[in-house]
Amino acid sequence: MAAHRSTADILDAAVHVREAARNAASGAAGVDTVLAALSEVLDYDHASLTRWDPLRRRHTTLAGSYPDDATAYIETRLHDDPVFPVLRGPARDGLWLQDVPPRLLAASPGFQDVLSPLGIEGGVAQCLFAADGRYVGMLNISTRRPRHTPDPARAVITLLTESLAATVAPRPAEGRPGGLSPRELQVLAELTTGRTNREIAERLYITPRTVGTHIEHILAKLDLPNRAAAAARAAAWGIEPRKPVDRLTGQGTTGGTGMP
């Protein structure tokens, strides 16, 4: 049982989790192998790895062992739970059940209606973020017995978040950062110039309404609050607009991204 293993054993198990996560991220193995490896770090009764879908605004379970009603809650309602803003807070160290203030637990449908009936007394919910800051999904682990600090498994779970994030994050097409489509990258590039939707539409030969839709998708996919933040992200990625094609001469480059 992982709860009785030494710190050295847990660290060795963490190495196996990283290997499993790397294989899952590359498509060489299933995500369920990551959860299996995690069971050697933290002996659990239920666990799941989910991917956040920013356009549908829901989580999708990639692997998990929760009952159907708990899985449905995690996928469709957890992001509206009062606990979720705490989970996504700046600390990003995971929220262990025994550390949640009782008043917050009392207000949480996820605990009162889903976890408590399962007899859950311990565990952790860990939000996962990509290297560029995007929220990409979550790890949920639940046990029927509380865990006490100090516990090396706590530190290990935090250290594994980067590998777990790579496991759940959608793999973007080669040369398309953030999973953006070619047209979305073109619009993102135009945002760095401060142009209006109408001006962008004229340069890309699309309608202003279509530009607005692309911007909505860009903000959702990159988990950004506004077009200024999107422009800053484009600048950080080195994305800039190219000279559009002249329809009469054919000279220039169609709405590219400035990326190699």
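Conventions used here
- Residue numbers run consecutively from 1 along every chain, following the written order of its sequence.
- For a predicted model such as this one, the threshold for reporting local features is a pLDDT of at least 70, and the threshold for listing and counting side-chain atom pairs is 80 or more; totals across whole chains, interfaces and linings nevertheless cover every residue.
- Hydrogens and waters are ignored; side-chain quantities use all the structure's heavy atoms.
- Each helix corresponds to a stretch of at least 4 residues labelled H or I by DSSP, and each strand to a stretch of at least 2 residues labelled E; elements are numbered beginning at the N terminus.
- In what follows, residue pairs with any heavy atoms lying within 4.5 Å of each other are defined as contacts.
- Using a 1.4 Å probe, the Shrake-Rupley method yields the accessible areas, and only the shown protein chains count as cover for residues.
- Counted as salt bridges are all cases of a side-chain nitrogen of Lys or Arg within 4 Å of a carboxyl oxygen of Asp or Glu.
- Classification of residues uses two cut-offs on accessible area relative to the type maximum, computed with a 1.4 Å probe and protein chains only: under 20% is buried, over 50% is exposed, and between them is partly exposed.
- For cavity detection a 1 Å grid was placed over the protein atoms alone, and a set of points counts as a cavity when a 1.4 Å probe fits there but cannot get out; an open set counts as a pocket when protein lies on both sides within 12 Å along at least five of seven lines, with lining residues being those that have an atom within 4 Å of a point.
- Grid points are joined across faces, edges and corners, and a volume is the space filled by probe spheres set on the points.
- Three categories are distinguished: nonpolar for Ala, Val, Leu, Ile, Met, Phe, Trp, Tyr, Cys and Pro, charged for Asp, Glu, Lys and Arg, and polar for the others, with Gly belonging to the last.
- Only rings of Phe, Tyr and Trp enter the pairing, Trp through its six-membered ring, and a pair is recorded when the two centres are within 6.5 Å. The plane angle decides the type: under 30 degrees is stacked, over 60 is edge-to-face, the rest tilted.
- At least two DSSP bridges between two strands are needed for those strands to be called paired.
- Axis definition: a line fitted to C-alpha atoms, over the contacting stretch in the case of helices. Angles run 0 to 180 degrees between N-to-C directions.
- Roughly parallel means an angle under 35 degrees; roughly antiparallel means over 145; roughly perpendicular covers 65 to 115; every other angle is labelled oblique.
- Two helices crossing with the near one rotated counterclockwise from the far one by less than a right angle form a left-handed crossing, whereas a clockwise rotation gives a right-handed crossing.

Draft legend 1. Fine view of the overall build of the protein chain. A tally of regular secondary structure across the protein chain gives 12 helices and 5 strands. Look at the contacts in the protein chain between residues 6 or more apart in sequence, and 60% of them connect residues 24 or more apart. Within the structure as shown, the protein chain displays about 13,100 Å² of accessible surface, and the carbon and sulfur contribution to it stands at 51%.

Draft legend 2. Up close: the pattern of salt bridges. Throughout the structure, instances matching the rule amount to 9 salt bridges. Arg145 is the partner of Asp43 in a salt bridge, and the nearest nitrogen-oxygen pair spans 3.2 Å. Remark: Arg145 occurs in the loop between strand S5 (135-143) and helix H7 (152-159) and Asp43 occurs in the loop between helix H2 (32-38) and strand S1 (46-53); sequence separation between them is 102 residues. Asp43 gets classed as buried once you look at its relative accessible area, which sits at 15%. Of the charged contacts in the structure, one is a salt bridge between Lys221 and Glu184, with a shortest N-O distance of 2.9 Å.

Draft legend 3. Structural view of empty space enclosed by the protein. Scanning the model with the defined rule gives 1 cavity of 30 Å³ or more in all. In this model, the largest cavity occupies a volume close to 340 Å³. In terms of lining, the largest cavity is formed by 26 residues, of which the most central are Leu78, Gly110, Leu115, Ala125 and Asn140. When residues of the lining of the largest cavity are traced back to their parent elements, those giving at least two are helix H3 (68-76), strand S3 (95-96), helix H6 (109-115), strand S4 (122-129) and S5. Of the residues in the lining of the largest cavity, the class split is 19 nonpolar, 6 polar and 1 charged.

Draft legend 4. Summary view of the packing of aromatic side chains. In the structure shown here, the tally under the stated rule is 3 aromatic pairs. Three or more aromatic residues joined by ring pairs make a cluster, and in this case those are Trp52, Phe84, Phe129 and Tyr135.

Draft legend 5. Geometry of the pairing of S4. Counted residue by residue, S4 has 8 buried out of 8 residues, so it is predominantly covered. Side-chain alternation along S4 places Gly122, Val124, Gln126 and Leu128 on one buried face and Gly123, Ala125, Cys127 and Phe129 on a second face that is also buried. The pairing of S4 with S5 spans 8 bridges and is antiparallel. Residue pairing for S5: Gln126 is matched across the bridge by Leu139. Counted along the chain from S4 to the antiparallel partner S5, the turn is 5 residues long, and its residue Gly133 has a positive phi close to 95°.

Draft legend 6. Structural detail: the layout of surface pockets. Volume-wise, the second largest pocket comes out at about 170 Å³. Listing elements by their share of the lining of the second largest pocket, those giving two or more residues are S4 and helix H8 (161-168). The residue inventory of the lining of the second largest pocket, partitioned by class, reads 8 nonpolar, 2 polar and 2 charged.

Draft legend 7. Examining the packing of helix H1 (residues 7-26) against H7 more closely. The geometry of H1 relative to H7 is characterised by a closest axis approach of 10 Å and an angle of 20° between their N-to-C directions. Classified by the interaxial angle, the pair formed by H1 and H7 is roughly parallel. In terms of crossing hand, the pair formed by H1 and H7 is right-handed. Residues Thr7, Ile10, Leu11 and Ala14 of H1 form the contact with H7, whose participating residues are Pro152, Ala153 and Val156. Each residue belonging to the contact of H1 with H7 can be placed in one class, and the counts come to 6 nonpolar, 1 polar and no charged.

Draft legend 8. Examining unusual backbone geometry more closely. For Tyr205, which is not glycine, the phi torsion reads 60° and is therefore positive. The residue Asp223 is not glycine, and still its phi comes out positive at about 55°. Take Asp223: it is sitting in the loop between helix H11 (208-222) and helix H12 (227-237). A residue is classified by how much of its surface remains accessible, and Asp223, at 32% relative accessible area, is partly exposed.

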